[in-house]
Amino acid sequence: MPADKVMSPAEAAALVGDGDHVAVQGMGTQGIPMTMVRELIRAGRRDLTITAVVGGIGIDWLAFKGAMSRFCGPIVSMERFGMCRGFRRAVEARRIEFDEYSESGLLTRLAAGARNLPFGITRSMIGTDLPALHPDTITEIADPFTGERVLACRSLRPEVCLLHAHRADRRGNIQYDGGAIWPDVQIYPKASGRTIVTVEAIVSEEVVRERPDQTVIPHFAVDAVVLAPHGCHPTSFFPDYVYDEQFHSSWAELSRDPERAVAEIDRLCGASSQDEYLELIGEAAVSETRNWRERA
Amino acid sequence: MSALDAGGGRQSQTATDYTIDELMVSTLARRFENGDQVVNGAASFIPACAFALARLTHAPELVWVAGGVGLDARPRRIPASTLEAPLWHRSSMYMAAEDFWPYALNGRWLTKFCVRGAQIDQYGNANNSVIGPEYDAPVVRLPGSAGLGDMGSIGKRLLYWTTTHDPRTLVPKVDFVSCAGWLDGGDARRRAGLGGGPELVVTNLCVADFHPDSKRMRLISVHPGVTVSDVLESTGFELLVEGEIARTEPPTAEEVRLIREQIDPGGARLREFGPGS
């Protein structure tokens, strides 16, 4: 029998340790594996370093709850809903360090990690103040063939990554429907020590074999599969659902007050299962985000 | 073609009823041509409207990677987010980010890029990282450099826009260089090995470019109703003024109609104005 990698959110959270570097899928209001973000908060994780290509509301929650001490990436923003206030406040108060790279600078580090190389090279960030922030991970070198100056970026190997996908089989073959494929999906599993994937649905291996073109991560690179329908809420997961506009708006407002913000996170993280969480959100809000095409 | 021909007569008529957002969209749109490829970033409503307008008027072959994903998207209208799926409507390809970056980094494609920064300085460096002298103890933490840290360093022609032309935004020197402009001016950018660079600045008050030698920001035109001294007083550094300053060409009546009725009837572009913008 092949290994069965399906487990509960709590079992998957046990694969993340205090102090780990955790790469989290997401682009602002898009595609954040929120079920696992809530589970890390429930588990009381501390001192995490978080990497994201565009950090969004999930990073704000981890910041408010004191679960992270460092962000390693290019930007944290909820796009049209503005800055993540808890994250901003924590950085300004020096409780969280913002280890800032350009987007392709971060991807250069991860791509080197994915290929088990000591460093990658890039022309990005030259002339900016970003390289000087990182004497330990960025240094200027000469192209050995032409002498041109480029930046060497030390490889990055997060301990664990969190992704969300459309479906998986129990062995851990991960499928995405057509649509935007973020760099997270392509690089994180190869660069990270462990890979946890929440999915909208768990299907049989036979169903996966009908559409092998949709499999984007092979089972051998996956450590945990967690069933989490609507698992990116309140962020979007194309093409299934869009971001919850009402949720983000009210979060942007109530997160002005740290006490209310933490109470709201605690309320939502109090749900002991994905079903219970969706009950808290309400059927109306969930179906609203699914019927987006007619409004687009 | 016939629709464009039919509109041809009206296209050249200057609008009398227009607002500043429409003037900015039209000014930016005229900088994009058939054969250009462009991409828009987060909360980039003015550029998104400008790309759509250019395609409906003089540059139908302008290639637009909407939200960095949707190749040649045909959104029904500019939606409330310039990154999310509604903007990628009827694309001819969903570009994976791992595809997008090699195309952008390659040098052959996507040669123009629109930049907005919380701070822009007299040499066209932009800051979207921190306000204050110390990076580690910021007075205000901004969202982060994101793609600006790439686009400023890889040979792109940079077109800036800001809806807040004031001394807080247009500063002598940015607190942090998130996007490399002309650096310290003169040939500093070339000495750093960088091609391309800042070309144009479109604000809510004026249009500026950069002096070919000193690379200092230089006033080209003031928008109708704005005086040169208004602009100078609203700028945190000494803006170069050479000779007679023109009045910015207003949008045509047809451009205004297209923006209001076809491209952005929901007024998403107004999200860039007012509190919090």
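Residues numbered from 1 in each chain as written. Chains lettered and ligands numbered in written order. Predicted model: local features only at pLDDT ≥ 70, side-chain atom pairs only at ≥ 80, totals over all residues.

**Student:** Could you give me a rundown of the overall build of chain A, with the residues and numbers involved?
**Tutor:** For chain A, the count of helices and strands is 11 helices and 12 strands. For chain A, whose C-alpha radius of gyration is 19 Å, the value lies close to the compact-globule estimate of 19 Å for 296 residues. Judged by the C-alpha coordinates and their principal axes, chain A covers about 60 × 50 × 40 Å. Per-residue burial over chain A gives 54% buried out of 296 residues. Of the contacts formed within chain A by residues at least 6 apart in sequence, a portion of 75% connects residues at least 24 apart. (Helix = DSSP H or I, 4+ residues; strand = E, 2+ residues; numbered from the N terminus. Rg over C-alpha atoms; globule rule 2.2 N^0.38 Å. Buried ≥ 20, exposed ≤ 12 C-beta atoms within 10 Å, placed from the backbone. Contact = placed C-beta atoms within 7 Å.)

**Student:** A description of the packing of helix 3 (residues 45–56) of chain B against helix 8 (residues 253–263) of chain B should follow, citing residues and the corresponding values.
**Tutor:** All names here are of chain B. Packing of helix 3 against helix 8 leaves a shortest axis separation of 10 Å and a crossing angle of 115°. Classified by the angle between their axes, helix 3 and helix 8 sit roughly perpendicular to one another. In this structure, helix 3 meets helix 8 at a crossing whose hand is right-handed. Contacts between helix 3 and helix 8 involve Cys-49, Ala-52, Leu-53 and Leu-56 on the former and, on the latter, Glu-255, Leu-258, Ile-259, Gln-262 and Ile-263. (Axes fitted to C-alpha atoms, helices over the stretch in contact; angles between N-to-C directions. Parallel < 35°, antiparallel > 145°, perpendicular 65-115°, else oblique. Left-handed = near helix turned anticlockwise from the far one by under 90°.)

**Student:** So what's going on with the environment of Glu272(B)? Residues and values would help.
**Tutor:** With respect to the helices, strands and loops of the structure, Glu272(B) is situated in the segment after helix 8. In the structure, Glu272(B) is positioned 109 residues away from Thr163(B) in sequence and 6.6 Å away in space, judged by C-alpha atoms.

**Student:** Give a description of the sheet that holds strand 7 (residues 126–127) of chain B that names residues and reports values.
**Tutor:** Residues and elements named next belong to chain B. In space, the three strands of this open sheet follow the order 7-6-11, with mixed pairing throughout. The sheet is open, and its two edges are formed by strand 7 and strand 11 (170–171), each paired on a single side. Across two bridges, the pairing between strand 6 (residues 119–121) and strand 7 is antiparallel. Residue pairing in the sheet places Gln-119 in a bridge with Asn-127 of strand 7. (Pairing = 2+ DSSP bridges.)

**Student:** Requested: an account of the domain arrangement of chain B, with residues and values cited.
**Tutor:** All names here are of chain B. By domain assignment, chain B separates into domain 1 (1–110 + 250–269) and domain 2 (112–247). Domain 1 and domain 2 are separated by 23 Å when their C-alpha centres are compared. Tallying the contact residues gives 17 residues for domain 1 and 13 residues for domain 2. For the side of domain 1 that touches domain 2, the elements supplying multiple residues, two or more each, are helix 2 (20–29) and helix 3. (Domains from an automatic or database assignment.)

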